[in-house]
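Per-entry structural report
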Amino acid sequence: MLDSRTIEIVKSTVPLLESANTALTEHFYQRMFRDNPELKDVFNLSHQKTGRQPAALFAAVLAYAKNIDNPAVLSAAVERIAHKHTGFAIQPDQYTIVGHHLLETIRELAPDAATPEVIDAWARAYGALAEIFIGREEQLYQQSEQKDGGWRGHRTFVVKEKRVESEQIVSFLLAPADGGAVADYLPGQYLNLHLSNPELEHREYRQYSLCQAPNGREYRIAVKREPGGVASNFMHDRMQLGDQLQVLPPAGDFFMEVGTETPVVLISGGVGQTPMRAMLDQLLKQGHPADIHWLHACDNGAQHAFKQDIQQRRQAHANLYSHVWYRTPAETDLPPEDYDALGLMELNAVKDRIHLDGAHYYFCGPLPFMAMVKDTLTGWGIAKEQLHYEVFGPHQQL
Ligand SMILES: Cc1cc2nc3c(=O)[nH]c(=O)nc-3n(C[C@H](O)[C@H](O)[C@H](O)COP(=O)(O)OP(=O)(O)OC[C@H]3O[C@@H](n4cnc5c(N)ncnc54)[C@H](O)[C@@H]3O)c2cc1C
Ligand code: HEM
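Since this is a predicted model, take the numbers as computed values, not measurements. Residue positions within a chain follow its written sequence, with the count starting from 1. Each chain takes a letter, starting from A, and each ligand takes a number, starting from 1, following the order in which they are written. Totals for whole chains, interfaces and linings use every residue, but because this is a predicted model, local features are given only for residues with pLDDT of at least 70 and side-chain atom pairs only at 80 or more, for both listing and counting. Where side-chain values are given, they derive from all heavy atoms of the structure, hydrogens and water being excluded.

Points about the site of ligand 1
Around ligand 1, the structure places 23 residues, and the nearest of them are Q207, Y208, A231, S232 and T274. Any N or O atom pair separated by 3.5 Å or less is treated as a polar contact, with the protein-specific requirement of one donor-capable and one acceptor-capable atom, and with residues adjacent in sequence counted only for side-chain atom pairs. Interatomic distance of 3.1 Å between a backbone N/O atom of S209 and a nitrogen atom of ligand 1. The separation between an oxygen atom of ligand 1 and a polar side-chain atom of S232 is 2.5 Å. Counting residues per element, the ones that place at least two in the shell around ligand 1 are α4 (45-49), β4 (204-209), β5 (219-224) and α9 (230-237). Amino acid classes used here: Ala, Val, Leu, Ile, Met, Phe, Trp, Tyr, Cys and Pro are nonpolar; Asp, Glu, Lys and Arg are charged; the rest, including Gly, are polar. A class-by-class count of the residues in the shell around ligand 1 yields 10 nonpolar, 8 polar and 5 charged. For this purpose, a residue is taken to be near a molecule or strand whenever a single non-hydrogen atom of the residue falls within 4 Å of it. Secondary structure follows DSSP: runs of H or I at least 4 residues long count as helices, runs of E at least 2 residues long count as strands, and numbering of each begins at the N terminus.

Considering the pattern of salt bridges
A pairing counts as a salt bridge when a side-chain nitrogen of Lys or Arg comes within 4 Å of a carboxyl oxygen of Asp or Glu. One pass over the full model with this rule turns up 26 salt bridges. Put simply, R225 and D237 hold a salt bridge, and the shortest N to O gap is 2.8 Å. Linking R225 in the loop between β5 and α9 with D237 in helix α9, this pair joins segments that are 12 residues apart in sequence. Using a relative accessible area of 36% as the deciding quantity, one classes D237 as partly exposed. The rule is simple: take the accessible area with a 1.4 Å probe, protein chains only, and divide by the maximum for that residue type; under 20% is buried, over 50% is exposed, in between is partly exposed.

A short note on the packing of aromatic side chains
Any pair of aromatic rings gets described here by the distance separating the centres and the angle formed by the planes. Each aromatic pair joins two rings of Phe, Tyr and Trp (for Trp, the six-membered one) with centres within 6.5 Å, and gets the label stacked for planes under 30 degrees apart, edge-to-face for over 60, and tilted for any other angle. Taken as a whole and assessed by the stated rule, the structure comprises 13 aromatic pairs. Plain terms: the ring middles of Y95 and F133 are 6.4 Å apart, the flat faces sit at 25° to each other, and that makes the pair stacked. Of this pair, Y95 sits in helix α7 (residues 92-109) while F133 sits in helix α8 (residues 116-146); the two residues are 38 residues apart in sequence, bridging distant segments of the chain. There is no split in this pair, since Y95 and F133 are both buried. Ring centres of Y326 and Y339 lie 4.6 Å apart, and the angle between their planes is 20°; this geometry places the pair in the stacked category. One end of the pair, Y326, is in strand β9 (residues 320-326); the other, Y339, is in the loop between β9 and β10 (341-342), with 13 residues separating them in the sequence. For Y339, a relative accessible area of 9% puts it in the buried group. Here the aromatic cluster, defined as three or more aromatic residues joined through ring pairs, consists of F28, Y29, F33 and F43. Geometrically, a charge over a ring is one whose NZ (Lys) or CZ (Arg) sits within 6 Å of the ring centre while staying within 35 degrees of the ring normal. When the ring centre of W151 is taken as origin, the NZ or CZ atom of R155, which lies over that ring, is 5.0 Å away.

Remarks on unusual backbone geometry
The step from P335 to P336 runs through a cis peptide bond, and the omega angle for that step is 0°. Mapped onto the secondary structure, P336 falls in the loop between β9 and β10. Look at F306: it is not a glycine, yet its phi comes out positive at around 60°. Among the secondary structure elements, F306 is positioned in the loop between β8 (292-298) and α11 (307-316).

The structure is reproduced here in structure tokens:
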């Protein structure tokens, strides 16, 4: 428990934090990577270059300072960050390093405001938060380890199948090299790969959503080639059948938990369909009796991954409906066989079908796409508890 004086001092630094904004976390990361370059093998450096991780950390630090007297407000964020951390195998001793650089950053950026009392209050506040993370992360590590087929830390997997799913998306079937079982996961969760190879400047952690229901034997992920992307190009061009890679246990706080009476609407743009595929697979395997809607948007037939699979499932399940939008169909792409509507996804066009009592909506895709989905559904009066989304990168509020 933090004392009231510490809480008061930390809250008094909110205007200071706001005026520094992401310069605070950019400075923090610069000094941390300078003094602890080994952490370059832990962090996703592309998220540093694009500024998305400094922005995510700044949002978390500011939210903590603002709500330090009301920690319940922070619990969802703490849960998400703890899951993210376990994907990078973050260890308790690393909290000391991060804490040191955070306090030094405050000292360096605001030498006048950073009185010994302020630094002391922030040290206590940081320590309390670090303790919460360390405790929750240890619980998650233990949960992963204790599951049937579970493990802790890195485990060697082998590529059992590499399959082209579209012009830009390749899926990989991964099984443990030790021949053992693999832990179940909740549909929507992701797998963490730790890639290392002489061709890569640093070891790279990357997350990939599991794209089929759990089966106890192997995992399937699907990777989109990103222009200039370090890991995705490596996976597409270099990773071959029989190759080994290091995998951390499934994680993530984005998952589907619905009762049998709940209609489910799965909405995706491009490769954002991967977590939705695991959800769909699970619902169909369980014989989910309520309606299931599959809404997907992509460029055209060449970019439309898993097209046949969805078409076959639709024929086999009377309660599965699908609606697909193509932005720039090729001449050979023909409605209704290949797609249903031209242009960007327009949810109002299917409102009568998907605005259902008690439905839960899961969505994933580029940020502007998800913002559109959230705004439209919220505009229809759907409660935020029924909306669930995943960001393929450092978290951002929509
Ligand atoms: C929870 C979660 C689930 C995910 N699931 C999937 C999934 O199922 N399938 C999937 O394909 N991906 C998924 N991702 C994304 C995935 O983890 C990787 O981020 C993605 O594959 C890109 O990695 P990369 O190494 O190829 O690209 P990076 O090298 O990380 O680059 C990413 C992008 O940033 C750009 N960039 C890099 N450096 C700079 C710079 N200096 N300035 C400007 N731009 C720059 C690159 O050009 C590229 O377009 C998921 C991410 C998360 C967090
Ligand atoms: C109290 C201390 C900490 C806070 C408030 C914090 C906050 C965050 C936040 C907000 C994210 C983004 C989460 C998301 O995208 O959902 C994140 C990711 C991450 N954190 Fe922490 N963190 C802390 C400590 C640490 C420590 C000690 C380490 C270990 C070195 C660490 C390593 C990472 C890594 C590697 C990521 C992923 C980065 C990426 O995807 O680019 N964090 N953290």
